[in-house]
Amino acid sequence: MTDPTPTEASATPTTPTTAPEAPQLLGVTVGVTSDRRSGDMVATFERKGARVVHAPTMRIVPLTEDDQLLAETRDVIADPPDDVLITTGIGLRGWVEAADAAGLAAPLLETFGRARLFARGPKATGVIRANGLREEWSAASEQTAEAVQRLVTEGVAGRSIVVQLHGAADQDQLEPLRAAGARVRGVSVYRWLPPADPVAVERLVDLVATRRLDAVTFTSAPGALALLEVARRQGRLDEVVAACGTGVVACAVGDVTAEPLRAVGVEPLIPDRWRLGALLRTLTTHLAENPLACVATTAGVLRLRAQAAVLDGQVLDLAPGPLAVLRRLAEAGGAVMSREDLLAALPGAADEHAVEVTVGRLRSALPSAGLVRTVVKRGYRLDVVPR
């Protein structure tokens, strides 16, 4: 015998109304690892209804305060290169601005004007032209490897090449130039330092490892590498990799950023265009269409997220225990779950009495207690709409 269907008071409105559409990411929890431009990401995710855990895994030295960059700039001016490879538009813009603050912009641009300029993609090309210069060639793939190969094909033996590096760029990518006889100098426009709040990064690793995030975003290879290194030091790298394979969506802005993740076995979600705006759109669409569980119940559509449940467009106020039970019932899709089955969803619970208590707490948090049915001598089921 099952619980009787509860009676519900109803009122017919005098004027038809349409409820406002719920934000796309209602109930979602997203981890953001970036330092630069993180404010835009956080604001966009929150506007879409998500809760954001912001833990920059690296921080960037302000360019105008980077003595090493200025020293390398003076070296480039004093020893002009034959070829210059510009890898990022924002990197070149920042370099010129830092040089301008030190009174070096004019001689730096004159040096560039006498060299062949190679761009890694359209953004780098745009900034080259904005500074009154002209590129020799631009990579269609937006990858350093293609630009390096182009230089090698054109012949670089005996030539001096300066490469504007982006972050902790992989020096191995430049080896073909050296092997072809070029003298290569790298200029690191961004200087990466350890995070300002390492404890926040450790907490982020824990959230990923325990699958309490719906997604985690990466906008730079150094940032991705730093998170993985913290996980490795904590002895939780395997947990993080496993979680990113099932449950937590790792999203990288492009293939370069994805390389450290792929090296440990994580295949991230990557937008078609390697831009921050494209990442936000791609991840939003993916999360909106792929909740952890989604089932039509007699009280409305139920969507399960890492730390929340959304019923009929409303976030339910659930503690971790009731949420875990509700998730297990939703995954069953209306099938009966035994108390033993539900006990497995409650780590640390001693016996099946804990299941009964948790189910009671769950029912009290639901708009209709009858949404979770008791099936005598068998267990519990979610009251779903028959297909």
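How each quantity is defined
Residues numbered from 1 in each chain as written. Predicted model: local features only at pLDDT ≥ 70, side-chain atom pairs only at ≥ 80, totals over all residues. Heavy atoms only, no water. Helix = DSSP H or I, 4+ residues; strand = E, 2+ residues; numbered from the N terminus. Buried < 20%, exposed > 50% of the residue type's maximum accessible area, 1.4 Å probe, protein only. Contact = heavy atoms within 4.5 Å. Lys, Arg positive; Asp, Glu negative; His and termini not counted. Charge placed at Lys NZ, Arg CZ, Asp CG, Glu CD. Axes fitted to C-alpha atoms, helices over the stretch in contact; angles between N-to-C directions. Parallel < 35°, antiparallel > 145°, perpendicular 65-115°, else oblique. Nonpolar A, V, L, I, M, F, W, Y, C, P; charged D, E, K, R; others polar. Expected span 1.5 Å × (residues − 1). Polar contact = N/O pair within 3.5 Å; in protein donor to acceptor, adjacent residues only side chain to side chain. Pairing = 2+ DSSP bridges. Core = buried A, V, L, I, M, F, W, Y, C linked by side-chain atoms within 4.5 Å. Phe/Tyr/Trp six-rings, centres within 6.5 Å; stacked < 30°, edge-to-face > 60°. UniProt positions renumbered as here; feature names shortened; annotations may be inferred.

Once that is clear, we can look at the overall build of the protein. The secondary structure content of the protein amounts to 15 helices and 17 strands. On the principal axes, the C-alpha backbone points of the protein span a range of 90 × 55 × 35 Å. The buried share of the protein, taken over its 387 residues, is 49%. Considering only residue pairs separated by 6 or more positions, the protein has 62% of its internal contacts joining residues 24 or more positions apart. Side chains of the protein carry 42 positive and 46 negative charges; the gap between the two charge centres is 3 Å.

Look at helix H8 (residues 198-209) against helix H10 (residues 237-245): their axes get within 8 Å of each other, and the N-to-C directions meet at 55°. The angle between the axes of H8 and H10 places the two elements in the oblique class. Where H8 approaches H10, its residues Val205, Val208 and Ala209 are matched on the opposing element by Glu239, Val240, Ala243 and Cys244. A per-class count over the contact of H8 with H10 returns 6 nonpolar, no polar and 1 charged.

The end-to-end C-alpha distance of helix H9 (residues 221-233), which contains 13 residues, comes to 18 Å, matching closely the 18 Å that a straight helix rising 1.5 Å per residue would cover. Regarding H9, the residues found buried are Ala221, Pro222, Gly223, Ala224, Ala226, Leu227, Leu228, Val230 and Ala231. Next to the buried residues of H9 lie strand E9 (192-193), H8, strand E10 (215-218), H10 and helix H11 (255-263). The residue sitting at the N-terminus of H9 and contributing the capping side-chain oxygen is serine 220; that oxygen lies 3.0 Å from the backbone nitrogen of glycine 223. Glycine 235 sits one or two positions beyond H9 and adopts a positive phi of about 75°.

Taken together, 4 strands build an open sheet; the order of strands is E2-E1-E10-E11 and the sheet is parallel. The sheet is open, and its two edges are formed by strand E2 (51-54) and strand E11 (249-252), each paired on a single side. Across this sheet, the average inter-strand angle for adjacent strands is 20°, counted without regard to direction. In the packing of helix H12 (residues 276-289) onto the sheet, the strands contacted are strand E1 (29-32), E10 and E11, and the crossing angle to E11 comes to about 160°.

With a phi angle near 55°, aspartate 312 is a residue other than glycine that sits in the positive phi range. Counting through the fold element by element, aspartate 312 comes out in the loop between strand E14 (309-311) and strand E15 (314-315). For aspartate 312, a relative accessible area of 55% gives the class exposed.

Before going further, it helps to spend a moment on the pairing of E10. Burial of the side chains of E10 extends over both faces: Ala215 and Thr217 are buried on one face and Val216 and Phe218 on the other. Of the pairings in the sheet, the one linking E10 to E11 comprises 4 bridges and is parallel in character. Pairing of threonine 217 across the sheet is with cysteine 251, part of E11.

Here we take up the nonpolar core. Counting 29 residues, the largest nonpolar core has Val208, Leu213, Val216, Phe218, Val240 and Leu261 as the members making the most contacts within it. The set of elements that each furnish at least two residues to this core consists of H8, E10, H9, H10, E11 and H11. Among the elements that line this core, the one with the most residues is H8, at 7 residues. Not counting residues up to four positions away in its chain, the partners in contact with phenylalanine 218 are Thr33, Gly223, Ala224, Leu227, Ala250, Cys251, Ala252, Val253, Thr257, Leu261 and Leu279. Formed by 27 residues, the second largest nonpolar core is a distinct cluster that contains Val295, Leu326, Leu362 and Tyr380.

The sheet built from 5 strands is open, its strands ordered E6-E5-E4-E7-E8 with parallel pairing. Sheet topology places strand E6 (137-138) and strand E8 (183-188) at the edges, where each strand pairs with a single neighbour. Along the sheet, helix H6 (residues 144-154) makes contact with strand E4 (83-86), strand E5 (116-119) and E6, crossing E5 at roughly 145°.

Looking now at the packing of aromatic side chains. In total, this model carries 1 aromatic pair according to the counting rule given. Here tryptophan 95 and phenylalanine 112 contribute two aromatic rings whose centre-to-centre distance is 5.3 Å and whose plane-to-plane angle is 75°, an arrangement assigned as edge-to-face. You can see tryptophan 95 sitting in helix H3 (residues 89-101) and its partner phenylalanine 112 sitting in helix H4 (residues 105-113), a full 17 residues away along the chain. Across the pair, phenylalanine 112 and tryptophan 95 agree in class, each one buried.

Attention now goes to the UniProt feature "domain: OmpR/PhoB-type" (unreviewed entry) in the protein. In the numbering adopted here, UniProt assigns the feature "domain: OmpR/PhoB-type" (unreviewed entry) to residues 313-382. When the span residues 313-382 is considered, its composition is 46% helix and 14% strand, and the gap between its end C-alpha atoms is 18 Å.

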